[in-house]
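Descriptive analysis of the structure
What follows is the residue order along each chain.
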Amino acid sequence: MGKEIIPFWEKTYQEKDIITFSVKPNPTVKEFENLLSKQSKILEAGCGEGQNAIYLAQQGYCNTDAFDLSENAIAKVKHRCQLLGTQLNAYVADMTTYQFEKNYDMIICFGTLHFLSKDDWKNFLNNAKLHTNIGGIHIMQIFTDSVPASEDIAPFAIGLAKDEEIIDLYKDWEVLQFKSYIFEDEHPGVPKHLHASNKIVVRRFK
Ligand SMILES: C[S@@+](CC[C@H](N)C(=O)[O-])C[C@H]1O[C@@H](n2cnc3c(N)ncnc32)[C@H](O)[C@@H]1O
């Protein structure tokens, strides 16, 4: 039997004093949060250490849910919420089998979809669309194959998108923003590397 390969983030998710990705929310969340009311129902899928969902909960969005496959991630999110005195509904769940229990006004997902197979991320997005209220928005970021997967994620990045492929899923929604870009990244214990990314902000209008 081969040795199981564990993604680098699982190690630092267990370290309470190390942040693997970012303490700050993604700037696109701040850019578009004005489309929401404080009662809006928000979901973050693959939330990792929770910087986006925690930020939103801190801003007073009191109906914020966030989930991740990793038990270590969710334990850390809960720990961070406790330290900050923030209320957030954080739970362990798998995007490949996720059953929506309600409709949302905003669904976000950063840097995670490409860890699902293409069929699985498309299935998740189609279900997410069906569970989004009219006027609701999605902010989705996915890595593309415009540059090869970096060594740190190569064994797990099984669903890299083609550039602009994600737009096809939202042909019946209004595209508020689309960006295709390459950026340099670095994490604790992982040397600098490049990722190619698509980020889309879309609104359901009917
Ligand atoms: C690179 S991290 C990004 C975390 C966070 N979204 C961020 O921007 O910092 C990828 C995350 O996807 C989660 N993940 C991978 N496969 C998943 C799945 N099938 N369902 C839910 N989360 C998943 C991992 O546990 C990890 O926390």
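Now for a quick tour of the structure. These numbers come from a predicted model, not from an experiment. (Residues numbered from 1 in each chain as written. Predicted model: local features only at pLDDT ≥ 70, side-chain atom pairs only at ≥ 80, totals over all residues. Heavy atoms only, no water.)

The subject of this paragraph is empty space enclosed by the protein. Within this structure, the stated rule accounts for one cavity of 30 Å³ or more. Reported here for the largest cavity is a volume of approximately 30 Å³. Looking at the largest cavity, the residues that line it are Phe143, Thr144, Val147, Pro148, Ala149, Ile153, Leu160, His195 and Ala196. The residue inventory of the lining of the largest cavity, partitioned by class, reads seven nonpolar, two polar and no charged. (1 Å grid on protein atoms, 1.4 Å probe; cavity = no way out; pocket = protein on both sides within 12 Å on 5 of 7 lines; lining within 4 Å. Points joined across faces, edges and corners; volume = space filled by probe spheres on them. Nonpolar A, V, L, I, M, F, W, Y, C, P; charged D, E, K, R; others polar.)

In this section: the site of the ligand. Around the ligand, 18 residues are found, and the nearest of them are Tyr13, Gly46, Asp68, Asp94 and Phe110. Note that a nitrogen atom of the ligand is positioned 3.2 Å from one of the backbone N or O atoms of leucine 69. Phenylalanine 110 is positioned such that a nitrogen or oxygen atom in its backbone is 2.8 Å from a nitrogen atom of the ligand. Notes on the ligand: free accessible area 600 Å², of which the protein chains cover 91%. Judged by its atoms lying within 2 Å of the grid points, the ligand is housed in the largest pocket. Tallied by class, residues from the shell around the ligand come to 10 nonpolar, six polar and two charged. (Near = heavy atom within 4 Å. Polar contact = N/O pair within 3.5 Å; in protein donor to acceptor, adjacent residues only side chain to side chain. Areas by Shrake-Rupley, 256 points an atom, 1.4 Å probe, with all protein chains shown as cover. Sits in = over half its atoms within 2 Å of the grid points.)

Attention now moves to the environment of glutamate 164. Within the fold, glutamate 164 resides in the loop between strand S5 (132–143) and helix H6 (165–168). Taking the C-alpha atoms as reference points, glutamate 164 and isoleucine 200, 36 residues apart in sequence, are found 9.3 Å from one another. (Helix = DSSP H or I, 4+ residues; strand = E, 2+ residues; numbered from the N terminus.)

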